[in-house]
Amino acid sequence: MTQENQTARIVRVWRGSTTASRADDYEAYLYAEGLPDLKKYAVGVQMLRQDRSGESDFMVMSFWKDIPSMSNFAGSDPKKIRHLERDEEFLTVLPEAVEIFDVRASTLPAPLTLAYSAKAH
């Protein structure tokens, strides 16, 4: 169930690293196997990549209406990672948890903008 008409108030951040020689393959794998399922539930998704000498870092940010909607994807513990089948093959270290942030301000287009209330800064 896509939430494209919802306003994002929570960002769930996953980070992982792979060797530079495997980065293109992992990016393709993540795009094909990780993002489609995530996009079914999240308001929006961004995948970022930073190449460094010998290693590449990936960050996937998913945007959510609230914690209960995130739990539809992640289960009862929204910080728990849903590892992909081949993550252990690609990643130099398997991450143990994601980070969760409250959106306080955003200039991203709707639905990723923060709806400011009268009490907003």
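Conventions and cut-offs
- Residues numbered from 1 in each chain as written.
- Predicted model: local features only at pLDDT ≥ 70, side-chain atom pairs only at ≥ 80, totals over all residues.
- Heavy atoms only, no water.
- Buried < 20%, exposed > 50% of the residue type's maximum accessible area, 1.4 Å probe, protein only.
- Helix = DSSP H or I, 4+ residues; strand = E, 2+ residues; numbered from the N terminus.
- Pairing = 2+ DSSP bridges.
- Polar contact = N/O pair within 3.5 Å; in protein donor to acceptor, adjacent residues only side chain to side chain.
- pLDDT = per-residue confidence, 0-100.
- Contact = heavy atoms within 4.5 Å.
- Core = buried A, V, L, I, M, F, W, Y, C linked by side-chain atoms within 4.5 Å.
- Arc of directions from axis to C-beta.
- Salt bridge = Lys/Arg side-chain N within 4 Å of Asp/Glu carboxyl O.
- Axes fitted to C-alpha atoms, helices over the stretch in contact; angles between N-to-C directions.

Across the ten residues that make up strand β1 (residues 10-19), a large majority, eight, are buried. Here ten bridges tie β1 to strand β3 (residues 55-64), and the two strands are oriented antiparallel to one another. Note on β3: the bridge partner recorded for threonine 18 is serine 56.

Relative to the helices and strands, serine 56 resides in strand β3. Using a relative accessible area of 2% as the deciding quantity, one classes serine 56 as buried. A polar contact is formed between the side chain of serine 56 and the side chain of aspartate 51, at a distance of 2.6 Å.

Summing up the model confidence of the protein chain, the mean pLDDT is 86 and the portion of residues at 70 or higher is 86%. For the stretch residues 115-121, pLDDT sits under 50, and the model shows five contacts to residues farther than four places along the chain or on other chains.

Further remarks concern the nonpolar core. Ranked by internal contacts, the top residues of the largest apolar core, which has 19 residues, are Trp14, Tyr26, Leu30, Phe58, Val60 and Trp64. Counting residues per element, the ones that place at least two in this core are β1, α1 (23-41), β3 and α2 (67-74). At six residues, the largest contribution of residues to this core is made by α1. Look past the residues within four positions of valine 60 in its chain and what remains in contact with it is Arg12, Val13, Trp14, Leu30, Leu35, Leu38, Val45, Gln46 and Met47.

For α2, the full list of buried residues reads Ser69, Met70, Phe73 and Ala74. The buried residues of α2 occupy an angular sector of 135 degrees when the element is viewed end-on, so they sit on one face. Immediately beyond the C-terminal end of α2, within one or two residues, lies glycine 75, with a positive phi of roughly 95 degrees.

All chains considered together, the criterion is met by twelve salt bridges. A salt bridge links lysine 65 to aspartate 66; the shortest N-O distance between them is 3.9 Å. Between aspartate 102 and arginine 104 there is a salt bridge, with the nearest N and O atoms lying 3.7 Å from each other. Classification of aspartate 102 as partly exposed rests on a relative accessible area of 48%. What makes arginine 104 exposed here is its relative accessible area of 63%. One network of salt bridges, with partners in common, ties together Asp24, Glu27, Arg49 and Asp51.

With that settled, consider the sheet that holds strand β2 (residues 44-52). Taking strand neighbours across the sheet as the criterion, the four strands line up as β2-β3-β1-β4 in an open arrangement whose pairing is antiparallel. Across the chains shown, the open sheet's two edge strands, defined by having one partner strand only, are β2 and β4 (99-102). This sheet shows a mean twist of 20 degrees between the axes of neighbouring strands, independent of strand direction. Of the strand pairs in this sheet, β2 and β3 are connected by nine bridges, and their pairing is antiparallel. Across the sheet, arginine 49 pairs through a bridge with phenylalanine 58, a residue of β3.

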